[in-house]
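Examination of the molecular architecture
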Amino acid sequence: MTTVTSGRQPTVTLTRFVPLAVVLAVSAAVYPMLVPLRVLWVDLQDAGYGHGPLLAAVVAWLIVRASSAEDRPHNGSPWACAALVFVSIAWAAAAVSSTTSAAQALWPLMCWLVLAAAYGWRSARRFALPLGLLYFALPVWGPLTDLVLWPLTIKASSLGVQLLGLNAYVDRNFVYIPSGAFEIISGCSGQHFFLVATVIGLLIAYLNELRGRQFVLVVGVAVVLAMVMNWVRVTAIIAVGYATEMQHPIVAEGHLLFGWILFAAVLVLYILWARYYLGRLPALAAERPPVAAHHAAASPRRSGALLALGLVAALVGPLWYAAAQARVAAVAQLPVRLRMPSTAVSWIGPLAGESPLQPEFPAVALERRAIYQSADNASLAVHVYANLFVEQEQGAELVGYGNVVLPEADWTAGSVETFQSLATPSVVPRYRAYTALGHAGERWLFRQTYVIAGQQIASDWESKVALAVSLLRLRPPRAGLVLFAVACGADCEAVSSAMEQAWTAIVPGLLDNYQ
């Protein structure tokens, strides 16, 4: 039977809540990786994602609104189901390696693929934008902020200071005025305003069923207004600080509230403009031809089987993750040790002594420090640091944002430089070499590597991949950081050969701790 309709009928039936129930079920399955959002979504000051709870409620309403009483899971896509299995395994890999942001980014995609697997691609398209809005409440915007929003804010505010004729000197992200200085940090980029404005623009365009250039214009105006508003905010705060000699409360404490007041005013203007613009558009229903909807009968058994198959495909990753976590918990009960090698050719050690190596790795299981002295040169010493992780979890992981190899309390910030020895190695080195300055001005040569299941890995992302592969194989690895340091004065090339000898002699003995 074929019926002709011009739009969605506002019928309220229980079947319209099935897609929302599916999304909630997938969300429950991946909940361990969503727990950190509780912190981001209640932080209204700095994180830039305090709109998360409200947006999640709006998304739930949009999913119900996009549903239809005629929806039946009888036209599902096997390709969507296959893609869902792949994405679910990718989620498990991100989860077991504690790459939380990546796991969170896969959450809306998994929800959408379940709907596509059950209802088919055509029906699932109606849920794409509602679920896509969830990305505006997830911490995936760091690259955009650091590479676009922040630099543009620095350039725009610098231009604003010049246009106002202020006696100011701009150096990178610092603005110096006679009474003080402003640092335009990443938090000044206006990310929160950008995200909220984009969501509002998308909602207006979506709810009014705009397409093409109309859609882009409505969303684009919201984005541009939010960015310009933030540039005005930063420039105004600098101008107020200049005029009051840094004494006005807005300079130190009220800049965020000032920003939201400005944003609210701009938002009112934007909504008034959007209302005016939409009022001038011809009736959308008159522009679009009627849509023929074909509804085929489907047995309840087949419908339920397709929906169940989609949910099972989504559970592949979470169940794999649970099995890996259970295996990790079992291995964590076994005794662990971390010993410095007692023998190393041409080196005497391990010796006790004060070490300049004080890396900060929260919740590390074990860490050791030692000094090895050259048997041929008593004045040449290599400082060695090693740590060991038995488990990988958020906030307590080998590769994480909270880890600091060279704390600013011990080393000069910004002094780290990549070191390339003149003696080119015959193979790609499995370590990173660099130099850094201590606070007394002395320069040190460093080598560091990650050790995972006895294998040396130089880069952060390769270490994450290696951890994920080992954990997905249900073989939790012993993993840790190995760091060497040698004082080198003005010529680090002169001690690079000694570093190579120490590395070759000591590291093999350290690797035994990670087998």
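Residues numbered from 1 in each chain as written. Predicted model: local features only at pLDDT ≥ 70, side-chain atom pairs only at ≥ 80, totals over all residues. Heavy atoms only, no water.

1. Quick notes on the overall build of the protein chain
Short version of the rule: Counting from the N terminus, the helices are the DSSP runs of H or I reaching at least four residues and the strands are the DSSP runs of E reaching at least two. Think of it in three bands: residues with accessible area under 20% of the maximum for their type are buried, residues over 50% are exposed, and the middle band is partly exposed, with areas taken using a 1.4 Å probe on protein chains only. Only heavy atoms enter the contact rule, under which two residues are in contact if any of them lie within 4.5 Å. Each accessible area is a Shrake-Rupley result for a 1.4 Å probe, and residues are judged covered by the shown protein chains and nothing else.
Scanning the protein chain from terminus to terminus reveals 17 helices and 13 strands. The 515 residues of the protein chain split such that 46% are buried. Across the protein chain, the fraction of contacts at a sequence separation of at least 24, relative to all contacts at a separation of at least 6, is 75%. Of the roughly 26100 Å² that the protein chain leaves accessible, carbon and sulfur atoms contribute 63%.

2. Some words on the sheet that holds strand 3 (residues 174-177)
To be explicit about the condition: Only when DSSP finds a minimum of two bridges between them are two strands counted as paired. Note on method: axes are straight lines fitted to C-alpha atoms, helices fitted across the in-contact stretch only, with angles between N-to-C directions ranging 0 to 180 degrees.
Spatially, 2-3-4 is the arrangement adopted by the three strands of the open sheet, whose pairing is antiparallel. Of all the strands in the sheet, just strand 2 (169-171) and strand 4 (180-183) have a single pairing partner and so form its edges. Along the sheet, successive strands turn relative to each other by an average axial angle of 20°, direction set aside. The pairing of strand 3 with strand 4 spans four bridges and is classified as antiparallel.

3. Considerations on the layout of surface pockets
Counted only if it meets this: With a 1 Å grid spanning the protein atoms alone, the term cavity applies to any set of points in which a 1.4 Å probe fits but cannot get out, the term pocket to an open set with protein on both sides within 12 Å along at least five of seven lines, and the term lining residue to any residue with an atom within 4 Å of a point. Grid points are joined across faces, edges and corners, and a volume is the space filled by probe spheres set on the points.
Here the second largest pocket defines a volume of roughly 1000 Å³. As for the second largest pocket, its lining consists of 33 residues, of which Val399, Gly400, Tyr401, Gly402 and Asn403 are closest to the centre. When residues of the lining of the second largest pocket are traced back to their parent elements, those giving at least two are helix 3 (37-42), helix 6 (100-119), strand 9 (417-418), strand 10 (432-437), strand 11 (443-452) and helix 16 (460-472).

4. Structural notes on the environment of Gly489
Topologically, Gly489 is positioned in the loop between strand 13 (479-487) and helix 17 (493-511). Assessed through its relative accessible area of 44%, Gly489 is described here as partly exposed.

5. Some thoughts on the state of the cysteines
Operational definition: Any pair of cysteine sulfurs within 2.5 Å is marked as a disulfide.
If you walk through the whole model with that rule in mind, you get one disulfide. Two residues, Cys488 and Cys492, share a disulfide whose sulfurs are 2.0 Å apart. On the basis of relative accessible area, Cys492 is assigned to the buried category, the value being 6%.

6. Description of the confidence of the model for the protein chain
Segments scoring low in pLDDT should not have their predicted coordinates read at a detailed level. The condition that has to hold: By definition, pLDDT measures how confident the predictor is in each residue, and it falls between 0 and 100.
In the predicted model, the protein chain carries a mean pLDDT of 85, and the fraction of residues at 70 or more is 90%. Scored below 50 in pLDDT, residues 1-11 makes 19 contacts in the model with residues more than four places away or belonging to other chains. Scored below 50 in pLDDT, residues 290-299 shows 15 contacts in the model against residues more than four places distant or in partner chains.

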